[in-house]
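Close look at the chain arrangement
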Amino acid sequence: MLVMSVFAGTAAFAGTAVANYGDAQGTEVANGDRYWQGQTLFVNNVQDANGDRADNTKLEIVIDSDDSDDGDLVKEVFTNETGDVQFGTSNLDGDYRLQIASSNHEINNFEVASQDLTASFDPADVDNEFDTTSDLTLDSARAGYDAYITADSLSDDQVASILDDASENDVTDNGVEVTEIQSDTLGTDFSDVDAGNYTFTVEVVDTGATADADINVTEGGDASASFASDSVVSEERGDTAEFTVDLSNSKTSEVSIGSEDVNWKANFTVSDDDDDGEVTVQFNTFNTNVGNVDADNGGFISVSDGDSFSVDESEDSRQGVHTNWDNQPSEDDASLDNPIAAGQYEMTVGVDGNEQDVTQLILNEGSVDSAQVWTHPDADAPEELSTVLEGVTEDDSTAMQDLAVVQVSASGIYGSLDADQSKLDSSVAEDDSYSLNFTQTNPGANAQTNDFHGADVTQTYFDAENNTFYAVVDTSGDNGIEVGDEYRATFTQHANSALVDEAQSTNTTFSVEERTLEFTGVNESDVLPVDGNITGDTSIAAGSEFTVQVKSDSFVRTATATVQDDGTFVAPFDFSDVDTGTELTVSASSGDASDEVSGVIVESADDGEDNETTTTDETTTTDETTTTEETTTEETTTEETTEETTTEETTTTESDGGIPGFGIGVALVAFVAAALLALRRSN
């Protein structure tokens, strides 16, 4: 009976028309498409030039090219009795035509490309407890292909569970089939996989292209959490304390601050979401009176960017804020009348309910200490505090159009201020804790004072780490400041602050002066030396830079002058290539300050002393020798001889000054030129 069944089945197959090819037999060729070397291709219902079905007909695969090899035969194939043809591509690579051999009638043209494939794990080392994930990276020019994945020493079921999309992957006799691979990476997770080295093999289903990737799995260590620093955390009450939790073999840690001894405790969990092994916690001690952990909701805890924290509010959890001690989250309002008191607070961290490290938070009372004023040369307040500090000079006199920078040293205020300049308003409402006031101290008799406050200044920089903030005042801004004004800047922490019972304050003063600039780098005759610098005095802030211009009928030269701490400036010039006697105009401006000087170039400038010594030696061909000495009395001796050579030597000493280094003629020319041509006009 069994033999008869087989025979009958065979006979039925032989006598039945063969059906068209389908997906199980390969990929159907579409005219002009690209296929991959190793794929099995087919064409159904091939027709000849007359539109008749080409049954049992010889076809040719020939090169399709614009070159001389166009039409070269690569392979012959036959259609079956229903006009269908199937062929492999393992020896094809390029552009081809499928045509009827007897007539060259084209059926299709197509391209076959080689599918290169590489595979690797990133990272190539994981453990089976904590760092368990890795990306299986596949590099291929092709997208949307199917592949079998296997691994030595692992069953197909284990491989399927390691792949992230295990539910979408089919376990087959050839391995785990991953379909329609459109991404360069496949996620993997080696949790609970035995430690060892594994080689994964990826094989493309329809082309046979393969690639191997190796990964090393190690035993995971124990999960732990610890404080990054061995030192206690010290901060002022009202400021924000910061500490870092280090994590090993764990992405989370429970954190507690406080204890029954101080009748206040907060518990929460931090998460290392960016996988850098640490979480930095900011604890705003000013907000601890609200009874809420989350700073985004008015509470006191926030964490570094890229990480997160949470509070388990389930019934059995001990996380949250504890007061009126029962070691459970307070069912009633856990808020306090004021921020937690100064003192010592225990802090712990741990994993899975196991306390693993402990340190102390020391909260000291804050204070308002001192104030001082600086000047800054920038017309606009810099964006960064570091730029401000690099450019300031300690000076209680600020030129108009410069910046006055008021520095206040105070602690215990930054958790409340929260880098908010508007909280430095001069008004003292019921909930205002601080103010920064600027009061004019020299308004004049019966005159209105010009006052403004911290919310009106150009920019405020808060440096909580160094218990300092800086308020920048633009003297040419909208605060009504005028030349000659004097101001007292007063910072006050008011008694209605939740941190103090009595007001604390500090102040400093500064004045605003006219913006001036004056050249002093020429002598009394406005003579410019060949190799000298042009100098001057200014009220502009130290560090300011401006351009000094020297102009003649034939050239214009410039140099940059920088204001020094003593208010002087220097502009370097070299006139060694300029003819003596050249008339020049020297000018500079910075904001509303400017000066201009006209002068003339000489070989050397007067050193400023009221004496002049000129010595001239002259040899002529005369019959006379003359020696003249001139002091407060004059004595002349003359001798005549018949010698053909005459030497005249004259020495003159004058007490009314002169230009050193010149003969009488040159000195007189320079002096007259200076007197007639040099004019000084100052703006």
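Our subject is the structure listed above.
Overview of the structure. Here the residue numbering is sequential within each chain, running from 1 through the sequence in written order. Thresholds applied to this predicted model are a pLDDT of at least 70 for local features of residues and 80 or more for the giving and counting of side-chain atom pairs; totals over whole chains, interfaces and linings are not thresholded and use all residues. Think of the side-chain values as coming from all heavy atoms in the structure, minus any hydrogens and water.

1. Let's talk about the overall build of the chain
In terms of regular secondary structure, the chain is built from five helices and 51 strands. Each of the 683 residues in the chain was classed as buried or not, and the buried ones make up 41%. Residue contacts are defined here by distance: any two heavy atoms, one from each residue, within 4.5 Å place the two residues in contact. Of the contacts made within the chain by residues no fewer than 6 positions apart, 62% connect residues no fewer than 24 positions apart. As displayed, the chain offers around 35,800 Å² of accessible surface, 40% of which is attributable to carbon and sulfur atoms. Each helix corresponds to a stretch of at least 4 residues labelled H or I by DSSP, and each strand to a stretch of at least 2 residues labelled E; elements are numbered beginning at the N terminus. For each residue, the accessible area found with a 1.4 Å probe, counting protein chains only, is set against the maximum for its type, and the residue is called buried under 20%, exposed over 50%, and partly exposed in between. Note on areas: Shrake-Rupley, 1.4 Å probe, and residue coverage restricted to the protein chains presented here.

2. Notes on the pattern of salt bridges
We count a salt bridge whenever a side-chain nitrogen from Lys or Arg sits within 4 Å of a carboxyl oxygen from Asp or Glu. If you walk through the whole model with that rule in mind, you get ten salt bridges. Residue Arg-34 pairs with Glu-111 through a salt bridge whose shortest N-O separation is 3.4 Å. Within this pair, whereas Arg-34 is found in strand β2 (residues 34-36), its partner Glu-111 is found in strand β8 (residues 106-113), the two being separated by 77 residues in sequence. Residue Arg-34 is classed as partly exposed on the basis of its relative accessible area, which comes to 48%. On the basis of relative accessibility, which here comes to 25%, the residue Glu-111 falls in the partly exposed class. Asp-275 is the partner of Lys-251 in a salt bridge, and the nearest nitrogen-oxygen pair spans 2.2 Å. You can see Lys-251 sitting in the loop between β20 (240-248) and β21 (252-259) and its partner Asp-275 sitting in the loop between β22 (264-271) and β23 (278-284), a full 24 residues away along the chain. By relative accessible area, which is 38% here, Lys-251 ends up partly exposed. Sharing partners across several salt bridges, the network here consists of Asp-64, Asp-70 and Arg-97.

3. Structural notes on the pairing of β20
In this analysis, strands are considered paired if DSSP registers two or more bridges between them. Note: strand β18 (residues 224-227) against β20, four bridges, orientation antiparallel. Each bridged residue has a counterpart across the sheet, and for Ser-224 the counterpart in β20 is Ser-248. Pairing analysis gives seven bridges linking β20 to β23, with the strands arranged antiparallel. Bridge assignment links Glu-242 to a residue of β23, and that residue is Gln-282.

4. What about the side chain of Asp-474?
Within the fold, Asp-474 resides in strand β36 (residues 468-474). At 8.6 Å, Arg-515 is the nearest oppositely charged side chain to Asp-474, a buried residue that forms no salt bridge. A 3.5 Å cut-off defines polar contacts: any pair of N or O atoms within that distance qualifies, except that in protein one atom must be a possible hydrogen donor and the other a possible acceptor, and neighbouring residues in sequence count only when both atoms are side-chain atoms. A distance of 3.0 Å separates the side chain of Asp-474 from the side chain of Ser-476, its partner in a polar contact. Ignoring sequence-local partners within four residues, the contact set of Asp-474 consists of Ala-379, Asp-402, Leu-403, Thr-458 and Ile-481. Counted as positive: Lys and Arg. Counted as negative: Asp and Glu, with His and the chain ends omitted from the count.

5. Some details on the packing of aromatic side chains
Two aromatic rings from Phe, Tyr or Trp, using only the six-membered ring of Trp, form a pair when their centres are within 6.5 Å; if the ring planes differ by under 30 degrees the pair is stacked, by over 60 it is edge-to-face, and anything between is tilted. Taken as a whole and assessed by the stated rule, the structure comprises 21 aromatic pairs. Both rings, one in Phe-283 and one in Phe-300, keep their centres 5.6 Å apart while their planes meet at 75°; by these two values the pair is edge-to-face. Taken together, the residues Phe-283 in strand β23 and Phe-300 in the loop between β23 and β24 (301-303) connect sequence positions 17 residues apart. In this structure, Phe-283 and Phe-300 share a single accessibility class: buried. On the basis of an interplanar angle of 75° and a centroid distance of 6.5 Å, the ring pair of Phe-438 and Phe-510 is categorised as edge-to-face. With Phe-438 in strand β33 (residues 434-440) and Phe-510 in strand β38 (residues 504-513), this residue pair connects regions lying 72 residues apart in the sequence. Note on Phe-438: relative accessible area 0%, which makes it buried. An aromatic cluster is present here, built from Tyr-434, Phe-462, Phe-469 and Phe-491 joined pairwise through their rings.

6. Observations concerning the sheet that holds strand β13 (residues 170-172)
One open sheet holds the six strands; their spatial order is β10-β17-β16-β12-β14-β13, and the pairing between them is mixed. A strand with exactly one partner marks an edge of an open sheet, and here the two such strands are β10 (125-127) and β13. Strand after strand, the sheet turns through a mean of 35° between neighbouring axes, direction not considered. In this structure, strand β16 (residues 196-204) lies alongside strand β17 (residues 210-218), joined through eight bridges in antiparallel fashion. Within β17, the residue paired with Thr-199 across the bridge is Asp-214. Fitted lines through C-alpha atoms give the axes, limited to the stretch in contact for helices. The angle between two N-to-C directions lies from 0 to 180 degrees.

7. Notes on the sheet that holds strand β15 (residues 185-189)
Here we have three strands laid out as an open sheet, ordered β9-β11-β15, and antiparallel in their pairing. Across the chains shown, the open sheet's two edge strands, defined by having one partner strand only, are β9 (117-122) and β15. Each strand axis lies, on average, 20° off the axis of its neighbour in the sheet, ignoring direction. Where strand β11 (residues 133-140) meets β15, five bridges bridge the pair, whose relative direction is antiparallel. The partner of Thr-133 across the bridge, within β15, is Asp-189.

8. A short note on the nonpolar core
Residue types Ala, Val, Leu, Ile, Met, Phe, Trp, Tyr and Cys, when buried and joined through side-chain atoms within 4.5 Å, form a set referred to as a nonpolar core. Counting residues in each nonpolar core, the largest one holds 30 residues, and the members touching the most others are Leu-136, Leu-138, Ile-149, Phe-190 and Phe-200. Those elements that place two or more of their residues in this core are β9, β11, β12 (145-151), α2 (156-162), β14 (175-181), β16 and β17. If near-sequence neighbours (up to four positions away) are discounted, Phe-190 is found in contact with Phe-121, Val-126, Asp-127, Asn-128, Thr-132, Ile-162, Phe-200, Ile-215 and Val-217. Of all hydrophobic cores here, the second largest spans 29 residues; its members include Phe-286, Met-400, Leu-499 and Val-512.

9. So, the side chain of Thr-285
With respect to the secondary-structure elements, Thr-285 resides in the loop between β23 and β24. A polar contact is formed between the side chain of Thr-285 and the backbone nitrogen of Gly-238, at a distance of 2.8 Å. Beyond its immediate stretch of four places on either side in the chain, Thr-285 contacts Glu-236, Arg-237, Gly-238, Asp-239, Pro-339, Ile-340 and Leu-363.

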